[in-house]
Structure formats: C-alpha cells, structure tokens
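One letter stands for each residue in the lines below.
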Amino acid sequence: MMQTIYYDLRDTKGQQKEIEEKISAAAKILREGGLVGIPTETVYGLAANGLDPEAVKRIFEAKGRPQDNPLILTIPGQQWLPRYCKDIPPLAYVLARKFWPGPLTMILKCRKDVVPDIITAGLDTVAMRCPNHPVTLAIIREAGVPVAAPSANTSGRPSCTTAQDVLEDMDGKIEGVVDGGPCTVGVESTILDLTCDPPRLLRPGGLPLEALEQIIGPVAVDKAVTGLLAEGEQPKAPGMKYRHYAPKAPVTVVTGAPEASARVIRQHVGPTSGVICFDEYVDFFKDQKVQPLGPSGDKLIQAQRVFDALRAFDSSDVTEIYAQCPDNRGLGLAVSNRLKKAAGFHVIEADSLRVVLGLTGGTGAGKSSALQAIEDLGGMVVDCDKVYHRMLAEDQEMRNAINMVFPGVFRPDGSLNRQKLGQEVFSKKERLDKLNSIVYRFVVPEIRRLIGEGDGLYAIDAINLLESGLDSLCDRTVAVTAPMELRVRRIMARDDIPEQYARMRISAQKPDEYYRNKCDCELNNAADTPEAFREEARLYFKRLIDSIKEEKSHG
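Residues numbered from 1 in each chain as written. Predicted model: local features only at pLDDT ≥ 70, side-chain atom pairs only at ≥ 80, totals over all residues. Heavy atoms only, no water.

**With respect to the packing of helix α18 (residues 484–495) against helix α19 (residues 499–507)**
Then step 1. For the pair α18 and α19, interaxial distance at closest approach is 9 Å and the crossing angle is 120°. The two elements α18 and α19 meet at a crossing, and its hand is right-handed. Touching Met 484, Glu 485, Arg 487, Val 488, Ile 491, Met 492, Arg 494 and Asp 495 of α18 are Glu 499, Ala 502, Arg 503, Arg 505 and Ile 506, all from α19. (Axes fitted to C-alpha atoms, helices over the stretch in contact; angles between N-to-C directions. Helix = DSSP H or I, 4+ residues; strand = E, 2+ residues; numbered from the N terminus. Left-handed = near helix turned anticlockwise from the far one by under 90°. Contact = heavy atoms within 4.5 Å.)

**Regarding the side chain of Thr 120**
Then step 1. Relative to the helices and strands, Thr 120 is located in helix α5 (residues 117–120).
Then step 2. Thr 120 sits in the buried class, given a relative accessible area of 2%.
Then step 3. With near-sequence residues (within four places) excluded, Thr 120 lies in contact with Pro 70, Cys 110, Lys 112, Val 115, Thr 125 and Val 126. (Buried < 20%, exposed > 50% of the residue type's maximum accessible area, 1.4 Å probe, protein only.)

**Side note on the pairing of strand β3 (residues 45–49)**
Then step 1. Taking burial as the measure, the 5 residues of β3 include 5 buried ones, the bulk of the element.
Then step 2. Note: strand β2 (residues 36–38) against β3, 3 bridges, orientation antiparallel. Residue pairing in the sheet places Val 36 in a bridge with Ala 47 of β3.
Then step 3. Hairpin connection, β2 to β3: the antiparallel pair is bridged by 6 residues.
Then step 4. In terms of strand pairing, β3 meets strand β7 (residues 147–148) through 2 bridges, oriented antiparallel. Residue pairing across strands places Ala 48 opposite Ala 148, the latter belonging to β7. (Pairing = 2+ DSSP bridges.)

**As for the state of the cysteines**
As used in these notes, a disulfide is a covalent bond between sulfur atoms, one from each of two cysteines.
Then step 1. A complete count under the given rule lists 0 disulfides for this structure.
Then step 2. Note on Cys 85: no disulfide assigned, nearest cysteine sulfur contributed by Cys 110 at a separation of 6.8 Å. (Disulfide = S-S within 2.5 Å.)

**Focus: the side chain of Glu 535**
Then step 1. Structurally, Glu 535 is set in helix α21 (residues 530–553).
Then step 2. Since its relative accessible area comes to 6%, Glu 535 is described here as buried.
Then step 3. In this structure the side chain of Glu 535 is engaged in a polar contact, spanning 3.0 Å, whose partner is the side chain of Arg 538.
Then step 4. Filtering out sequence-adjacent residues up to four positions away, Glu 535 remains in contact with Pro 198, Pro 218, Val 219, Ala 220 and Val 221. (Polar contact = N/O pair within 3.5 Å; in protein donor to acceptor, adjacent residues only side chain to side chain.)

Dropping the structure here:
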C-alpha cells in the first residue's frame, strides 16, 4: 500500500511560495502517471493525466469502476476544446462563455487520434468540463495536460464532498489528495449532449435545466435521468447506467409534498431505520437516526448535503434508509436524481395520483414517438397489441373462445394460422366484429390488471382504444394526428414502400377526423423529425398530466 500525501490548500491567501510548491507537486504527480484527489465546486474528483491510458486505467482500478462507463475530460478553459474535440458547434462556445468555469459538462465529437479510447469507452464523443475551483484550475494549467477526473469515491458509493471523504475511500490507493475545502455545489456537473438536436440532458447536476433552457431553448431529457438504462445499452456519459451513490443500507425515496412524504415515511420506519429528511420534519423521527437534508425550500443546501447524508449512515447500524425528495424544479432535479439512483429507483410517491392516458391514431402519425415521450416522463406504456399476442399464445380460455367461433384457425401444434383467421374475418365486417368482441372481453381485464390500483403514470397504446372500451380506464384519450402528406412520406421511409401503397394503407384506416372527434385531446405532429416531435410531445404531456393531477387534488 502506498502513502497518500495530503496537500492542504484550503487557504489560498497564505504563503504564495508554499501554495505554488503544493500545486507544482500535485501537477508533477499527474504528469508522471499518478492519481490525485482534487477539489471542484461540485464534488471531489480522482484525477489522472487524461492522455495517458495507463494512468487512466489506474482510476478504474482504484474506484472499481466498470470500463464501459466513460470519463469526463477536465480542462482549464474553452481555448483547449479544439485540441480534443472536432466539429465543435457554435453553441458550445456560447455555453462555455456563459457557464464556464462551472458545473456544466458538454458532450462533443471526439478527436480520436488524440483522446484515448479508455476515456470515451470507445464512443466517438467525449465529455468536456471546466470546473470552477481556482486550485484545480491551477493544477491542470501547471500539469499542461487535461485530466480525467470522475468522482473520487469507490464506484457505487456516495460521492465525496470533502478531502476527508476522499481519504476514507482512497487512502493508500492514490499518490495524493488536495484539500480545497468543502464543495460549494455538492452534486456533480450537469451533462448536456450537443451532438444531437435538440441538445439532450444526460445527467442533471449543479447547473439547473431551467438555466440552460433560458439560453438555448427546449432541452430533451434522456430516459436515464428518470430510470436505469436497460441491460446492454451503452452509456454516453458518466452516471447513466449503473446504480450510483448508494450507501450500504438499502434506500427508499419518498416523493411528494414535504408534509405528505414525511407522513408516509413515519408510517414505514422502524427502530433500525435511518431517515434523510428536510429540517422541518426532524422531530417526526425521534426514535430513528436522522440526517437533515436542509430546509424544504433551499435546494442549494440540499445539494450540498445529499452525499454527506448518504455516507453518514455507513458508520451506523441502520438496516434501511428512507429519504424525503425535493421536486424536480431547479437543483431539485439533480438532488432527486442522486437520491433515486442511490435507491435503484425504488420510489414511493406520497401524494401522487394515478394518471392514465390513452393514445390512438393512424399509422405514420407519430404514436411511437409520443409514447417514448411518456416513458421519458417516467410513465409505463401498456402496448395492447403485444398483450393480445401474448395472450393469444398463453391464455387457453381466450384461445378456446376464438376456436369455438372460428373452428380450425389453430393448427394441431397449437399455433395460430393467421392467414386462415384473416380470411375468416377481413372479408365480412360482422365476422371481424365478432372476433374483436371476443378479444376485448379478455384483453380489457388484462390491461386493467397491468395498470393495477397503484399510483403513477400509465399510457395505453391501442389502435382500437375507443371501440374496445379501454377509453373508460383513461383520464384522457389523446388522438395523435398528422398532415396526410407527412404521414405518406413517413410510412414510405419507415417501411420502404412506394407512395401508392403508403396511401392505400392510410386510406384503409379511420381518418384523423374520426379520432379528433372521439378523443378528449389532439396532439398534432407536423415536426420535421421523430426527435423533435418526441420533445414537443414530452412538453405537451407534462402540461396535460399536471392539469389532470391538479383537477384530482381538488376533487
């Protein structure tokens, strides 16, 4: 085990010669391939020479970090960007002038001839950041190299906001720790992907989403902000894929109005529970170990305290932790994200009301993008077509009912002869209606069961939403429509079919006017790209959901 040297640089107004010597010593470690814990305004970083693959490899080893998790390249200013990035959009410099140095990381196209693959996890993009801490900026300038500097904690544990936290995790594993005082922000940087349009928020952090949108307009929010990436999905930025920030005891996050979430936690806790709560509710939990998160209205203090609160329980004997959670406005989005990641997205919604939206519309209108927007908002999509085909394979009672009316449509091996069933029903409307009535009788109760009685956001995806009676389960039905010529072009491109066939497919379906007249709301898609419509739909659904919740909360 090596000796980790401690450099105290909390007072930068002291003896300048001594300060310069410590900065030079830390920079020398970096140039020579060593690791140094460094302060930033967000959290402490574990720094290595970002151009030295062997040095960077030591970061992964010291942290126990998966190597498909990319790293951020930290530089002292925007003038270094062209050294490591290419095809830099003008927007990057607009944001750098406004927010650097500061808690903003930008994803840009990478100069792969300069930046090692171990930094980017093999992607063609690289994450760039300029931290707002004079000591670290001085060390990077003195070293003359960009540094890779993920948070200086053991991978998966809460991030470090003091030099003492770094020593707790890294003493004996790294060459040095620079103490620049406690972090002033307390949560990691905001990560914004500038390689797509609109720009996409990959990780909320110390720069609020609202501040970005004031400068650049609407920002898409990646689904990794509200949930875990699926198995096999490669993260584009740190913190997107794996469970993060977790103490040893399992965490449950409780969202909702502060008083409601405090009441829910009080109903759940036992004598060995730990509680992270807003200052106003500490007295609710006299029999539990409590870590105050700060006043319910002060999100900066909550951001500064959240990792300390999570780490504090590791030295206690608590067997579970319940945490109050701020709303998603301002810095609350970052605090909420860190708590939910610590909990593996195990969340109780204290005063949430269930919202069920029903989506329907013709092919080519953009229903898939609209449903993705609902998933972006944390909703669960129930695809009725998938449910029908699953039940067709598994539900013997439904199969028997179909076979009784349409004998012989199932082969001897039990599989459905789709061609035979199609011949039975598509030539005569009354036969199709008979099949549909059987299907609705079995599928509608199954959809009801899948949605359940719990709170949360759900979307029912059904072409026959209105005819089946599924609309009765919905708080609002939404017709997804689009101009005819746009639908034709989309279907041609999507399915690689000629124009005439695309028009025939549309003409065989109900017109937009039918859905428009029958549904509660209309979402019209005249966007140029699926991504642009997905963002429009996200904003539309957010307003609609807020409106429904407001109605329900007032009876």
